[in-house]
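Residues per chain, in single letters:
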Amino acid sequence: MMLVNGEVREEISAQDRGLHFGDGVFETVAVDTARALCLDRHIRRLGEGCRRLAIAPPAAATLEEECARICDGVERGVLKIMVTRGVGGRGYAPGEGASPTRIVARYPWPAYPASARSRGVAVRVCGTRLGRNARLAGIKHLNRLEQVLARSEEDASGCAEGIMLDEDGRVIEGVMSNVFMRHGRVLTTPDLSACGVAGIMRELVLESAATLEGIEPRVGAMSVDELSSADECFLTNSLIGIWPINRLQGQAIEIGPLAHTLQSLLVESGAMTRD
Ligand SMILES: Cc1ncc(COP(=O)(O)O)c(C=O)c1O
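Residues numbered from 1 in each chain as written. Predicted model: local features only at pLDDT ≥ 70, side-chain atom pairs only at ≥ 80, totals over all residues.

Engineer: So what exactly am I meant to see when it comes to the sheet that holds strand β6 (residues 99–108) here?
Structural biologist: Sheet strands pair via backbone hydrogen bonds, and the direction of the pair is either parallel or antiparallel. Here six strands make up an open sheet; going across it, the order is β2-β1-β6-β5-β3-β4 and the pairing antiparallel. Looking along the sheet, the strands with just one partner apiece sit at the ends: β2 (7–8) and β4 (35–36). Alignment of strand β1 (residues 2–4) against β2, held across two bridges, turns out to be antiparallel. Counted as the bridge partner of V4 is E7 from β2. Of the strands in this sheet, β3 (24–32), β4 and β5 (76–87) touch helix α2 (residues 39–53), which is tilted by about 175° from β3. (Pairing = 2+ DSSP bridges. Helix = DSSP H or I, 4+ residues; strand = E, 2+ residues; numbered from the N terminus. Contact = placed C-beta atoms within 7 Å. Axes fitted to C-alpha atoms, helices over the stretch in contact; angles between N-to-C directions.)

Structure, rendered in structure tokens:
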């Protein structure tokens, strides 16, 4: 099911700037027992992305009402919200008077490996690098070609996720996720001020970790060597929740206790699906 500007339909104008230039933002939200998890946070990030791109953000109440319609009676699913600048302007210049296009769509829950949360997943390092651009960093804009290329890299290893580096070789995030590593008490996730998507689950993990005694959450630089020598590391996103990493580039990594502690906390608070 899909709503376009509040109407049940699947078509938008072929003149839409979302199609021409990726001129817009989106959110992917987990739906569990007819509830869109952390919808307030997703609406806030969508609004922030719109403001950064100077697109008029939709009213939160409108989005809440449309998401409730889409989620009605859905036991488990995925909700996608997209806002584009709409139709308008000549060439790249946005021009004036474009009216944003708002799309709220529902998809089936993906078939993730059942053991991923408990036993972890294998990851590899992608060849495709992320470009640095502070003006786009952090927001979930519609230009996702780096992720499309990374996902289409030939991969015979059967890894569940790829780690993406920037042009200088710093670890930034997963293809569809954020990444954390723990060395002793210090839990680090990469700084995203130049590239990457500042995930909602990343934000929740940073907040939850800050409440745990003996854990010091930190945002900073991360190298592949630091990741592979960590006491534990894990991936996060709004759908998978938290997946421990059990193998990096073929090398085994121990699954530590923190990933499971954070999973329990976030499931209990209703921010993460039960499995
Ligand atoms: C490139 C990228 N980074 C990070 C994330 C994690 O974001 P969130 O926790 O908001 O799902 C995603 C989610 O799809 C993503 O596509």
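Next comes the rest of the description.
Engineer: I keep staring at the pairing of strand β7 (residues 121–125) and nothing clicks. Help me out?
Structural biologist: A regular strand places its side chains on the two faces of the sheet in alternate fashion. Across three bridges, the pairing between β7 and strand β14 (residues 241–248) is parallel. The partner of V121 across the bridge, within β14, is I245. With three bridges joining them, β7 and strand β8 (residues 161–165) adopt parallel strand pairing. When the sheet's bridge partners are listed, V125 is paired in β8 with I163.

Engineer: Even after reading the chapter, I still don't get the packing of helix α6 (residues 200–210) against helix α8 (residues 257–268), so can you show me in this structure?
Structural biologist: Packed helices, taken two at a time, are described by the angle between their axes plus the distance between the axes. Following both chains from N to C, one finds α6 and α8 inclined at 105°, their axes separated by 10 Å at the closest point. By the angle between their directions, the pair α6 and α8 is classed as roughly perpendicular. Touching L204, V205, S208 and A209 of α6 are L262, L265 and L266, all from α8. (Parallel < 35°, antiparallel > 145°, perpendicular 65-115°, else oblique.)

Engineer: It is not clear to me how the site of the ligand should be interpreted in this structure. Could you clarify?
Structural biologist: In the vicinity of the ligand lie 14 residues, with V197, G199, M201, N237 and S238 positioned nearest. If one sorts the elements of the shell around the ligand by residue count, α6 sits on top with three residues. Tallied by class, the residues present in the shell around the ligand amount to four nonpolar, eight polar and two charged. (Near = placed C-beta within 6 Å. Nonpolar A, V, L, I, M, F, W, Y, C, P; charged D, E, K, R; others polar.)

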